[in-house]
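These are the residues of each chain, in order.
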Amino acid sequence: QVQLVESGGDLVQPGGSLRLSCAASGTIYSINAMGWYRQAPGKERELVAHISSNGYTNYADSVKGRFTISRDNAKKTVYLQMNNLKPEDTAVYYCTMNTAVFHDFTYRDYWGKGTQVTVSS
């Protein structure tokens, strides 16, 4: 019922910047929280950044001061601006949204398929 599509992942050098986007589509009634997670090979998926419906944000300690999450409710899109990228940021980045759809107004978590970010010189 809800599809999330991430874009913007790429190969970038250490110290570089990248902007990820995730757009939602479907018969969406409302979206509450949005977030970005990432997973590196052999590691657990971890929260990178989270933004509430009112725009309150929180970040993993490892990305504080470097990453910024934002949202555009009209476009049903969440963004992740990543600056001063480090090799440790290399991972597949996943978008998630807590969403209710028409005719079923229960909020559920939806996930994108992920976009690869590689930080390497």
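Residues take numbers from 1 onward in each chain, read along the sequence in its written order. The model is predicted, so local features are restricted to residues of pLDDT at least 70 and side-chain atom pairs to those at 80 or more, both for listing and for counting; the totals for chains, interfaces and linings are taken over all residues. Side-chain metrics in this entry use all non-hydrogen atoms of the structure; hydrogen atoms and water are not considered.

## With respect to the environment of Asp109
Part 1: Here Asp109 shows up in strand 10 (residues 104-111).
Part 2: Other than its neighbours up to four places away in sequence, Asp109 contacts Thr96, Met97 and Asn98.
Part 3: A 3.5 Å cut-off defines polar contacts: any pair of N or O atoms within that distance qualifies, except that in protein one atom must be a possible hydrogen donor and the other a possible acceptor, and neighbouring residues in sequence count only when both atoms are side-chain atoms. A distance of 2.9 Å separates a polar atom in the side chain of Asp109 from a polar atom in the side chain of Asn98. Helix numbering and strand numbering both begin at the N terminus, where a helix is a DSSP run of H or I of at least 4 residues and a strand a DSSP run of E of at least 2. Contact definition: two residues touch when any of their heavy atoms are within 4.5 Å.

## What about the packing of aromatic side chains?
Part 1: The criterion for an aromatic pair is that two Phe, Tyr or Trp rings (for Trp, the six-membered ring) have centres within 6.5 Å, with stacked assigned to planes under 30 degrees apart, edge-to-face to planes over 60 apart and tilted to the rest. In total, this model carries 3 aromatic pairs according to the counting rule given.
Part 2: Arranged with centres 4.9 Å apart and planes meeting at 75°, the rings of Tyr29 and Phe105 form a pair that is edge-to-face. You can see Tyr29 sitting in strand 4 (residues 28-39) and its partner Phe105 sitting in strand 10, a full 76 residues away along the chain.
Part 3: Within the aromatic cluster, the residues linked to one another by ring pairs are Tyr29, Phe102 and Phe105.
Part 4: One Lys or Arg, Arg19, reaches over the ring of Tyr79 and ends 4.3 Å from the middle of that ring.
Part 5: Placement of a charge over a ring requires the Lys NZ or Arg CZ to be within 6 Å of the ring centre, with the centre-to-atom vector within 35 degrees of the ring normal. Lying over the aromatic face of Tyr94, Arg45 brings its terminal NZ or CZ to 3.8 Å of the ring centre.

## With respect to the pattern of salt bridges
Part 1: Take a side-chain nitrogen of Lys or Arg and a carboxyl oxygen of Asp or Glu: if they are within 4 Å of each other, that pair is a salt bridge. Per the counting criterion, the structure on display carries 5 salt bridges.
Part 2: When the shortest N-O distance is used, the salt bridge between Arg66 and Asp89 registers 2.8 Å. Here the residue Arg66 occupies a position in the loop between strand 6 (57-59) and strand 7 (67-72), and Asp89 occupies one in the loop between strand 8 (77-82) and strand 9 (91-101), the gap between them amounting to 23 residues.
Part 3: Its relative accessible area of 1% is what places Asp89 among the buried residues.
Part 4: Taking the shortest distance from any N to any O, the salt bridge between Arg108 and Asp104 comes out at 3.3 Å. Only protein chains enter the area calculation, which uses a 1.4 Å probe; residues under 20% of their type maximum are buried, those over 50% are exposed, and those in between are partly exposed.

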